[in-house]
Amino acid sequence: MNTSLDLPSQSLTPRRFLLRFSALGCVLAALAGCASDTTEGQQPSDGTGGGGAQNPTSSASSTTGTGGGGTGGSIPGASSSSSASSASVTGTGGDMTGGMTSAGSGGAPGVGGGGTGGSTPTCDLPTTYRWKSGPPVISPKPPAGRSFASVKDPTIVFHDGKYHVFATVFETTNGSDGWKSVYLNFTDFDQANSAEQHYMANWPTGSTVAPQVFYFRPHNKWYLIYQWNGRYSTNDDINNMNGWSRPQTLLRGEPGQMGNTLGALDFWVICDDDYCHLFFSRDDGKLYRSKVSIDRFPNFDGYEVVMTAPSSGLLFEASNVYKVDGSNKYLLLVEAFDNSPRFFRSWTSESLDGPWTPLADTKQNPFAGPANVTFEGGDWTDDISHGELVRSGNDERMTLDPCNLQFLYQGRDPRSNEEYGRLPYRLGLLTLEK
């Protein structure tokens, strides 16, 4: 969430054949020979992986995974994204390295169906990036009786055949001025700008400023993380707009404002197998993190500094952290400015505990910024600001497919000179150039 203090001075492994011989099969071996019960083209009877769904704009190939022993029904919230298959059902499909596939792992019994096949990454994260963007894909579209100056800070997830977006708006309606939020959904980005924007101020959540949405598999619930202070709400069904719970406290001992240093903002959750990690900013050139065991989520308590920059603008706001499909890498993004329009710096690590190694982290070589974004149909923004990558899954692991990178971001007309809240932010979509 950007604040009025932030304005820059310038406007695998080769596949193993799993030979599982039954006692009967070996007795028959003398007559007909023992044979493997898992061969190419066959699937175990207790669960099957589906073919991985692909991003409509992608040319990446996908393979069919082989599921494990899931015996229950599908997890609520499990679906395949158009950018890659969701990881929200138990069991995972096989992956591919150098053309060799590995067997998929099975799901936990009684929790979900068989494993899902996945869109199989066949590429690494780039070290340099070139993006293209069209015109804004989402502009303010207030309901009757409301007026919005901007739409910004988006979170996006694909589930149940459509994209779900929660975003901040600045409302200018008399008597209701200030930061509020909206929800919208659509099946394709071509339809995003015409989608109804549902005003959230009167929801049980109240306004969810600078939100993050994901499905938390251990609880079988959707979570919305937002500010101020750090708060969360839950829902059994993301399609049920009335199903969100009232806000609850996210971080015990959350730091408040101290002089020119703001309180915590722009919260981001990501979990590995054992822990959930909560990243956040304070506009003071530091990135913060809290950590809790996954069985105690979301009861975060206390925090630490992850890294410090020489100036506040170089570690600003809007941190995003993702698990890169097909690898043991995590990708960290943080918004920055350096006497310049906004851009994103990036780092990688093999652990959410760090250490974090610079990837594309300068104004001249950013993850995304004016230096590496070209526009189709004319430039409409200098800022590449608070946004979120389109994930390959929908759950707490925050996975992304490095072959199909798209970034929903906020930008604005650089000629605008309104007070900060009324700056005309819109949402654009970056697509990585192949």
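Residues numbered from 1 in each chain as written. Predicted model: local features only at pLDDT ≥ 70, side-chain atom pairs only at ≥ 80, totals over all residues. Heavy atoms only, no water.

Caption draft 1: Local environment of the overall build of the chain. Secondary structure summary: the chain contains two helices and 26 strands in total. Burial statistics for the chain: of 434 residues in total, 57% are counted as buried. Here the chain displays about 17700 Å² of accessible surface, and carbon together with sulfur accounts for 47% of that area. (Helix = DSSP H or I, 4+ residues; strand = E, 2+ residues; numbered from the N terminus. Buried < 20%, exposed > 50% of the residue type's maximum accessible area, 1.4 Å probe, protein only. Areas by Shrake-Rupley, 256 points an atom, 1.4 Å probe, with all protein chains shown as cover.)

Caption draft 2: The arrangement of the packing of aromatic side chains in detail. Applying the stated criterion to the full structure yields 31 aromatic pairs. Each ring, one from Phe-214 and one from Tyr-223, has its centre 6.0 Å from the other, and the planes form 10°; the classification is stacked. Like Phe-214, the residue Tyr-223 is buried in the burial classification. When the centroid spacing of 5.2 Å and the interplanar angle of 65° are considered together, the rings of Tyr-215 and Trp-222 count as edge-to-face. Each member of the pair, Tyr-215 as well as Trp-222, is classed as buried. Positioned over the ring face of Tyr-275 is Lys-291, at 4.3 Å from the centre of the ring. The ring of Tyr-330 has Lys-323 lying over it, and the distance from NZ or CZ to the ring centre is 5.9 Å. (Phe/Tyr/Trp six-rings, centres within 6.5 Å; stacked < 30°, edge-to-face > 60°. Lys NZ or Arg CZ within 6 Å of the ring centre and 35° of its normal.)

Caption draft 3: Summary view of the pattern of salt bridges. Taken as a whole, this structure holds 16 salt bridges when the rule is applied. Here Asp-395 ties to Arg-217 by a salt bridge, and the two come within 3.7 Å at their closest N and O atoms. With Asp-395 in the loop between strand E23 (385-389) and strand E24 (399-400) and Arg-217 in the loop between strand E8 (209-216) and strand E9 (221-227), this pair connects stretches of sequence that are 178 residues apart. Take Asp-395: its relative accessible area is 2%, and that puts it in the buried class. Residues Lys-291 and Asp-353 are paired through a salt bridge, measuring 3.0 Å at the closest nitrogen-oxygen approach. Separated by 62 residues along the polypeptide, Lys-291 in strand E15 (residues 286-293) and Asp-353 in the loop between strand E20 (343-349) and strand E21 (357-358) bring together distant segments of the chain. (Salt bridge = Lys/Arg side-chain N within 4 Å of Asp/Glu carboxyl O.)

Caption draft 4: Molecular detail of the environment of Thr-308. Of note, Thr-308 is situated in strand E17 (residues 304-308). Owing to a relative accessible area of 52%, Thr-308 belongs among the exposed residues under this scheme. Distance from Thr-308 to Asp-284, taken between C-alpha atoms, is 8.7 Å for residues 24 residues apart in sequence. Look past the residues within four positions of Thr-308 in its chain and what remains in contact with it is Gly-285, Lys-286 and Leu-315. (Contact = heavy atoms within 4.5 Å.)

Caption draft 5: Spotlight on the state of the cysteines. The tally for this structure, following the rule as stated, stands at two disulfides. Covalent S-S linkage joins Cys-123 and Cys-403, the inter-sulfur distance amounting to 2.2 Å. Here Cys-403 lies in the loop between E24 and strand E25 (406-411) and Cys-123 lies in the loop between strand E2 (100-101) and strand E3 (131-133), a separation of 280 residues in the sequence. Relative accessible area serves as the criterion here: at 32%, Cys-123 is assigned to the partly exposed category. Taking the relative accessible area as the measure of exposure, Cys-403 reaches 7% and is therefore buried. When the cysteines engaged in disulfides are numbered in sequence order, the chain pairs them as 1-4, 2-3. (Disulfide = S-S within 2.5 Å.)

Caption draft 6: Layout of the sheet that holds strand E6 (residues 178-186). The strand order E4-E5-E6-E7 describes an open sheet built from four strands, whose pairing is antiparallel. Every interior strand has two partners, whereas the edge strands, strand E4 (148-159) and strand E7 (198-199), have only one. One ladder, built from nine bridges, connects E4 with strand E5 (residues 162-171); its direction is antiparallel. Residue pairing for E5: Lys-152 is matched across the bridge by Thr-168. (Pairing = 2+ DSSP bridges.)

Caption draft 7: Structural context of the sheet that holds E23. With respect to topology, five strands assemble into an open sheet ordered E22-E3-E26-E25-E23, the strand pairing being mixed. What marks the edges here is a single partner per strand, and that holds for strand E22 (373-375) and E23. Pairs of neighbouring strands in the sheet enclose a mean axial angle of 30°, with direction left out of account. The sheet contact formed by E3 and E22 spans three bridges and is parallel. Looking across to E22, one finds that Trp-131 is bridged to Val-373. (Axes fitted to C-alpha atoms, helices over the stretch in contact; angles between N-to-C directions.)

Caption draft 8: View of the pairing of E15. Most of E15 is tucked away: six of the eight residues are buried. Pairing of strand E14 (residues 275-281) with E15 involves seven bridges; the strand directions are antiparallel. Within E15, the position partnered with Phe-280 by the bridge is Tyr-288. In sequence, E14 turns back onto E15 through a hairpin of four residues, with Asp-283 there showing a positive phi of about 60°. Summarising the sheet, E15 and E17 pair through four bridges and their orientation is antiparallel. Looking at E17, one finds that Lys-286 is bridged to Thr-308.

Caption draft 9: Summary view of the environment of Met-307. Among the secondary structure elements, Met-307 is positioned in strand E17. As a C-alpha pair, Met-307 and Leu-287 span 20 residues in sequence and 5.5 Å in three-dimensional space. If near-sequence neighbours (up to four positions away) are discounted, Met-307 is found in contact with Gly-285, Lys-286, Leu-287, Leu-315, Leu-332, Trp-347 and Trp-356.

Caption draft 10: Here's a closer look at unusual backbone geometry. Of the consecutive residues Gln-227 and Trp-228, the connecting peptide bond is found in the cis state with omega at -10°. Residue placement: Trp-228 occurs in the loop between E9 and strand E10 (231-235). For Asn-220, which is not a glycine, the phi torsion comes out positive at approximately 50°. Structurally, Asn-220 is set in the loop between E8 and E9. In this structure, Asp-266 takes a positive phi of about 55° despite not being glycine.

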